[in-house]
Amino acid sequence: MRPEVVVLRYGHRLVRDARVTTHCCLVARAFGAKEIIINSEDKGLLQRIETVNKKWGGKFKIIFEPDWRKSFKKLKNNGFTIVHLTMYGEPINKLEEKIRKEKKIGIIIGSQKVEPAVYEESDYNISIGSQPHSEIAALAVFLDRLFNGKELEKKFPNAKLDATKVRKGKK
Ligand code: SAM
(Lines give C-alpha, C1' and ligand atoms only; values in the text may rest on other atoms or scores of the structure.)
Protein backbone atom coordinates (compact mmCIF):
# COMPACT_ATOMS: atom_id res chain seq x y z
CA MET A 1 0.00 0.00 0.00
CA ARG A 2 1.11 3.57 -0.57
CA PRO A 3 2.46 5.39 1.33
CA GLU A 4 4.78 2.82 2.86
CA VAL A 5 4.26 2.89 6.64
CA VAL A 6 6.42 1.80 9.57
CA VAL A 7 5.19 2.29 13.16
CA LEU A 8 7.59 3.03 16.00
CA ARG A 9 6.11 2.10 19.37
CA TYR A 10 7.93 4.24 21.93
CA GLY A 11 8.46 2.85 25.44
CA HIS A 12 6.92 -0.65 25.43
CA ARG A 13 7.18 -2.02 29.00
CA LEU A 14 7.31 -5.80 29.26
CA VAL A 15 4.26 -7.33 31.03
CA ARG A 16 2.64 -3.98 31.85
CA ASP A 17 2.09 -2.96 28.21
CA ALA A 18 1.72 -6.44 26.73
CA ARG A 19 -1.93 -6.21 25.77
CA VAL A 20 -1.87 -2.64 24.51
CA THR A 21 1.29 -3.25 22.44
CA THR A 22 -0.28 -6.40 20.97
CA HIS A 23 -3.25 -4.30 19.93
CA CYS A 24 -0.96 -1.63 18.43
CA CYS A 25 0.65 -4.40 16.35
CA LEU A 26 -2.73 -5.78 15.27
CA VAL A 27 -3.99 -2.34 14.25
CA ALA A 28 -0.74 -1.51 12.43
CA ARG A 29 -0.95 -4.83 10.53
CA ALA A 30 -4.66 -4.71 9.75
CA PHE A 31 -4.67 -1.04 8.73
CA GLY A 32 -1.83 -1.15 6.22
CA ALA A 33 1.55 -0.66 7.95
CA LYS A 34 4.34 -3.01 6.86
CA GLU A 35 6.18 -3.24 10.19
CA ILE A 36 6.38 -2.07 13.78
CA ILE A 37 9.49 -1.32 15.81
CA ILE A 38 9.37 -2.17 19.53
CA ASN A 39 12.05 -1.23 22.06
CA SER A 40 11.94 -4.33 24.31
CA GLU A 41 12.45 -7.84 23.01
CA ASP A 42 9.20 -9.68 23.71
CA LYS A 43 8.99 -13.30 22.51
CA GLY A 44 5.34 -13.69 23.48
CA LEU A 45 4.39 -10.69 21.36
CA LEU A 46 6.39 -12.01 18.41
CA GLN A 47 4.67 -15.40 18.65
CA ARG A 48 1.19 -13.87 18.88
CA ILE A 49 1.71 -11.77 15.77
CA GLU A 50 3.36 -14.63 13.85
CA THR A 51 0.31 -16.78 14.62
CA VAL A 52 -1.94 -14.03 13.27
CA ASN A 53 0.18 -13.76 10.09
CA LYS A 54 0.04 -17.52 9.57
CA LYS A 55 -3.73 -17.67 9.91
CA TRP A 56 -4.75 -14.37 8.36
CA GLY A 57 -1.95 -13.83 5.83
CA GLY A 58 0.53 -11.11 4.91
CA LYS A 59 4.09 -10.47 5.99
CA PHE A 60 3.72 -7.93 8.78
CA LYS A 61 7.00 -7.69 10.67
CA ILE A 62 8.04 -6.87 14.23
CA ILE A 63 11.51 -5.43 14.71
CA PHE A 64 13.08 -5.13 18.18
CA GLU A 65 15.42 -2.16 18.68
CA PRO A 66 16.04 -0.84 22.21
CA ASP A 67 17.21 2.62 21.12
CA TRP A 68 14.39 4.69 19.58
CA ARG A 69 16.96 7.20 18.28
CA LYS A 70 18.65 4.51 16.20
CA SER A 71 15.32 3.54 14.63
CA PHE A 72 14.42 7.20 14.15
CA LYS A 73 17.71 7.94 12.35
CA LYS A 74 17.44 4.82 10.22
CA LEU A 75 13.95 5.79 9.11
CA LYS A 76 15.08 9.36 8.34
CA ASN A 77 18.10 8.09 6.36
CA ASN A 78 15.76 5.85 4.37
CA GLY A 79 13.60 8.79 3.37
CA PHE A 80 10.74 8.41 5.87
CA THR A 81 8.80 11.45 7.04
CA ILE A 82 8.27 11.13 10.79
CA VAL A 83 4.83 11.75 12.24
CA HIS A 84 4.50 11.70 16.02
CA LEU A 85 0.95 11.18 17.25
CA THR A 86 0.19 13.24 20.33
CA MET A 87 -2.80 15.12 21.74
CA TYR A 88 -0.57 18.24 21.76
CA GLY A 89 0.09 18.19 18.02
CA GLU A 90 -1.53 20.00 15.11
CA PRO A 91 -4.97 18.71 14.10
CA ILE A 92 -5.15 15.80 11.66
CA ASN A 93 -7.95 17.60 9.80
CA LYS A 94 -5.52 20.38 8.90
CA LEU A 95 -2.65 18.16 7.71
CA GLU A 96 -4.11 14.94 6.32
CA GLU A 97 -4.08 16.02 2.66
CA LYS A 98 -0.46 17.15 2.85
CA ILE A 99 0.66 13.97 4.62
CA ARG A 100 -1.11 11.71 2.11
CA LYS A 101 1.33 12.97 -0.53
CA GLU A 102 4.35 11.51 1.31
CA LYS A 103 5.80 8.25 -0.03
CA LYS A 104 7.16 6.87 3.24
CA ILE A 105 5.84 7.58 6.73
CA GLY A 106 7.23 6.57 10.11
CA ILE A 107 4.56 6.93 12.81
CA ILE A 108 5.63 7.29 16.43
CA ILE A 109 3.11 6.33 19.11
CA GLY A 110 3.85 6.63 22.83
CA SER A 111 2.95 4.66 25.93
CA GLN A 112 4.71 6.18 28.92
CA LYS A 113 5.74 9.85 28.77
CA VAL A 114 7.49 10.65 25.50
CA GLU A 115 10.71 12.65 25.85
CA PRO A 116 10.91 16.19 24.38
CA ALA A 117 13.36 15.16 21.62
CA VAL A 118 10.59 13.17 19.93
CA TYR A 119 8.42 16.31 19.71
CA GLU A 120 11.35 18.38 18.48
CA GLU A 121 12.85 16.02 15.94
CA SER A 122 9.68 14.64 14.34
CA ASP A 123 8.63 16.26 11.07
CA TYR A 124 5.06 16.52 12.31
CA ASN A 125 3.35 16.29 15.70
CA ILE A 126 -0.25 15.43 14.93
CA SER A 127 -3.26 15.19 17.19
CA ILE A 128 -6.31 13.02 16.70
CA GLY A 129 -8.55 15.40 18.59
CA SER A 130 -7.06 17.26 21.53
CA GLN A 131 -8.35 14.99 24.29
CA PRO A 132 -6.18 12.26 25.84
CA HIS A 133 -7.21 8.78 24.67
CA SER A 134 -5.04 5.91 23.50
CA GLU A 135 -2.20 5.02 21.16
CA ILE A 136 -4.33 2.22 19.67
CA ALA A 137 -7.15 4.60 18.80
CA ALA A 138 -4.78 7.32 17.57
CA LEU A 139 -2.99 4.86 15.28
CA ALA A 140 -6.23 3.44 13.87
CA VAL A 141 -7.73 6.84 13.09
CA PHE A 142 -4.48 8.15 11.61
CA LEU A 143 -4.03 5.14 9.30
CA ASP A 144 -7.65 5.32 8.20
CA ARG A 145 -7.24 9.02 7.29
CA LEU A 146 -3.92 8.32 5.58
CA PHE A 147 -5.30 5.53 3.39
CA ASN A 148 -8.72 7.10 2.98
CA GLY A 149 -10.49 3.92 4.07
CA LYS A 150 -8.85 1.81 1.32
CA GLU A 151 -6.86 -0.14 3.93
CA LEU A 152 -10.11 -1.85 4.94
CA GLU A 153 -10.16 -3.61 1.56
CA LYS A 154 -6.51 -4.69 1.70
CA LYS A 155 -5.85 -8.32 0.70
CA PHE A 156 -3.49 -10.39 2.84
CA PRO A 157 -1.68 -12.97 0.68
CA ASN A 158 -1.47 -16.64 1.75
CA ALA A 159 -4.24 -16.38 4.33
CA LYS A 160 -5.61 -19.68 5.67
CA LEU A 161 -8.68 -17.95 7.08
CA ASP A 162 -11.03 -15.36 5.67
CA ALA A 163 -13.87 -13.78 7.62
CA THR A 164 -16.77 -13.93 5.18
CA LYS A 165 -18.98 -10.91 5.24
CA VAL A 166 -22.30 -12.23 6.50
CA ARG A 167 -25.23 -10.25 7.81
CA LYS A 168 -25.54 -12.35 10.98
CA GLY A 169 -23.32 -14.75 12.85
CA LYS A 170 -19.72 -15.70 11.98
CA LYS A 171 -18.38 -17.56 8.98
N1 SAM B 1 -0.38 12.98 26.98
C2 SAM B 1 -0.23 12.01 25.99
C3 SAM B 1 -0.08 12.57 24.56
O4 SAM B 1 0.92 13.20 24.31
O5 SAM B 1 -0.91 12.31 23.65
C6 SAM B 1 -1.29 10.92 26.16
C7 SAM B 1 -0.62 9.66 26.58
S8 SAM B 1 -1.43 8.24 26.00
C9 SAM B 1 -1.49 7.27 27.45
C10 SAM B 1 -0.20 7.34 25.08
C11 SAM B 1 -0.12 7.69 23.62
O12 SAM B 1 -1.40 7.72 23.02
C13 SAM B 1 0.50 9.01 23.28
O14 SAM B 1 1.92 8.98 23.36
C15 SAM B 1 0.01 9.23 21.85
O16 SAM B 1 0.82 8.57 20.90
C17 SAM B 1 -1.38 8.59 21.88
N18 SAM B 1 -2.46 9.56 22.02
C19 SAM B 1 -3.31 9.69 23.07
N20 SAM B 1 -4.20 10.65 22.85
C21 SAM B 1 -3.93 11.15 21.61
C22 SAM B 1 -4.52 12.17 20.80
N23 SAM B 1 -5.57 12.88 21.22
N24 SAM B 1 -3.98 12.41 19.59
C25 SAM B 1 -2.93 11.69 19.14
N26 SAM B 1 -2.33 10.72 19.86
C27 SAM B 1 -2.83 10.46 21.07
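Nothing here was measured: the structure is a model prediction, and the numbers come from that model.

A. Examining the site of the ligand more closely. Close contacts around the ligand come from 19 residues, with L85, T86, M87, I128 and Q131 the closest. Take L85: an N or O atom from its main chain is 2.7 Å from an oxygen atom of the ligand. Out of a free accessible area of 530 Å², the ligand has 83% covered by protein chains. Considering each element in turn, the shell around the ligand owes the most residues, four residues, to strand 4 (residues 81–91). Partitioning the shell around the ligand into residue classes produces 10 nonpolar, eight polar and one charged.

B. Representation of the nonpolar core within the structure. Of all hydrophobic cores here, the largest spans 31 residues; its most connected members are V5, V7, L85, I99, I107, I126 and F142. Considering each element in turn, this core owes the most residues, seven residues, to helix 6 (residues 135–147). Judged by nonpolar contacts, the second largest core, of 13 residues, contains Y10, I37, L75 and V114.

C. Expanded view of helix 4 (residues 92–100). When helix 4 is considered as a whole, its buried residues turn out to be I92, L95, E96 and I99. An end-on view of helix 4 places all buried positions within 130 degrees of arc, on one side of the element. The outward face of helix 4, more than 90 degrees from its buried face, is lined by the exposed residues N93, K94 and E97. Contacts from the buried residues of helix 4 go to strand 4, strand 5 (104–109), strand 6 (124–127) and helix 6.

D. Spotlight on the pattern of salt bridges. The full count for this structure, using the stated rule, is eight salt bridges. Between K34 and E4 there is a salt bridge, with its nearest N and O atoms 2.8 Å apart. Taken together, the residues span a long stretch of sequence, with K34 in the loop between helix 1 (18–30) and strand 2 (35–38) and E4 in strand 1 (residues 4–9) at a distance of 30 residues. The class of K34 is partly exposed, set by a relative accessible area of 40%. On the basis of relative accessibility, which here comes to 19%, the residue E4 falls in the buried class. Here E96 makes a salt bridge to R100, at a shortest N to O gap of 2.7 Å. With E96 and R100 both in helix 4 and four residues apart, the pair spans about one turn of that helix. We classify E96 as buried; its relative accessible area is 16%. A network of salt bridges, in which partner residues are shared, links E96, R100 and R145.

Conventions used here
Residues numbered from 1 in each chain as written. Predicted model: local features only at pLDDT ≥ 70, side-chain atom pairs only at ≥ 80, totals over all residues. Heavy atoms only, no water. Near = heavy atom within 4 Å. Polar contact = N/O pair within 3.5 Å; in protein donor to acceptor, adjacent residues only side chain to side chain. Areas by Shrake-Rupley, 256 points an atom, 1.4 Å probe, with all protein chains shown as cover. Helix = DSSP H or I, 4+ residues; strand = E, 2+ residues; numbered from the N terminus. Nonpolar A, V, L, I, M, F, W, Y, C, P; charged D, E, K, R; others polar. Core = buried A, V, L, I, M, F, W, Y, C linked by side-chain atoms within 4.5 Å. Buried < 20%, exposed > 50% of the residue type's maximum accessible area, 1.4 Å probe, protein only. Arc of directions from axis to C-beta. Contact = heavy atoms within 4.5 Å. Salt bridge = Lys/Arg side-chain N within 4 Å of Asp/Glu carboxyl O.

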